[in-house]
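Each chain, written out:
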Amino acid sequence: MFPMLFQAVANTPINYLPIVLQLLVGIGFVVLTLFGSSLLGPKRRTHDKLENFESGIPSVGNARQPMAIKYFLVAILFVLFDVEVIFFYPYAVNFRALGTEGFLAVVMFVAFFFCGFIYILKKGALKWED
């Protein structure tokens, strides 16, 4: 009935022509943009323009100076408890379908996080007095 539908199509190099063309157009756009911006852009290089800054704030001191670990701990704690909340949403949506087994799994999940939170409190990660 439909003999062309079930025929195997040979994989020839001409089948990759659209991919190669798209790749060439993308690379050409990048090269043209970089060359065009250097050709058409301003050429005045003053001391103020070449000075490093971040977000408009002048840099002070060495970038390699040690930073307090408390900032990293707070960031890790935020990510940890944010991920916990993300896992609660699918559970809340499927609360009735998961039944008792799902409830026990969530209780175990929360218990592991609670143990981690107690560990963090005992280590003093949330105390900011130095």
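Scroll up to find the structure.
Residues numbered from 1 in each chain as written. Predicted model: local features only at pLDDT ≥ 70, side-chain atom pairs only at ≥ 80, totals over all residues. Heavy atoms only, no water.

Engineer: Report on the overall build of the protein chain, specifying residues and quantitative values.
Structural biologist: Of the regular secondary structure elements, the protein chain holds four helices and two strands. Moving toward the C terminus, one meets the helices and strands of the protein chain in the order α-α-β-β-α-α. Counting the 130 residues in the protein chain, one finds 8% classified as buried. For the protein chain, the accessible area works out to roughly 12500 Å², and carbon and sulfur atoms hold 71% of it. (Helix = DSSP H or I, 4+ residues; strand = E, 2+ residues; numbered from the N terminus. Buried < 20%, exposed > 50% of the residue type's maximum accessible area, 1.4 Å probe, protein only. Areas by Shrake-Rupley, 256 points an atom, 1.4 Å probe, with all protein chains shown as cover.)

Engineer: Summarise a nonpolar patch on the surface; cite the residues concerned and give the values.
Structural biologist: On the surface, a cluster of nonpolar side chains totalling about 820 Å² of accessible area is made up of Met67, Ile69, Tyr71, Phe72, Leu73, Val74, Ile76 and Trp128. In this structure, Ile76 sits in helix 3 (residues 69-93). On the basis of relative accessibility, which here comes to 55%, the residue Ile76 falls in the exposed class. (Patch = residues over 30% accessible without salt bridge, like charges linked within 9 Å, V, L, I, M, F, W, Y side chains within 5 Å. Salt bridge = Lys/Arg side-chain N within 4 Å of Asp/Glu carboxyl O.)

Engineer: Help me get a handle on the packing of aromatic side chains, residues and values and all.
Structural biologist: This structure, assessed with the given rule, holds six aromatic pairs. Ring geometry for Phe81 against Phe117: centres 5.7 Å apart, planes inclined by 85°, an arrangement best described as edge-to-face. With Phe81 in helix 3 and Phe117 in helix 4 (residues 95-123), this pair connects stretches of sequence that are 36 residues apart. Classification of Phe81 by relative accessible area gives partly exposed; the value is 25%. (Phe/Tyr/Trp six-rings, centres within 6.5 Å; stacked < 30°, edge-to-face > 60°.)

Engineer: Could you give me a rundown of the environment of Val106, with the residues and numbers involved?
Structural biologist: Tracing the backbone through its elements, the reader meets Val106 in helix 4. Along the backbone, Val106 and Phe87 are 19 residues apart, and their C-alpha atoms lie at a distance of 9.3 Å.

Engineer: Residue-level account of the environment of Ala125, with values.
Structural biologist: Within the fold, Ala125 resides in the segment after helix 4. The exposure class assigned to Ala125 is buried, which follows from its relative accessible area of 8%. In sequence terms Ala125 and Leu77 are 48 residues apart; their C-alpha atoms lie 9.6 Å from each other. Beyond its immediate sequence surroundings of up to four residues, Ala125 is in contact with Lys70, Leu73 and Ile120. (Contact = heavy atoms within 4.5 Å.)

Engineer: Break down the side chain of Glu84 for me, citing the residues and quoting the values.
Structural biologist: Topologically, Glu84 is positioned in helix 3. Buried charge without a partner: Glu84 forms no salt bridge, and the closest opposite charge is Lys122, 19 Å away. (Lys, Arg positive; Asp, Glu negative; His and termini not counted.)

The quantities given are spatial measurements derived from coordinates; they are silent on function.
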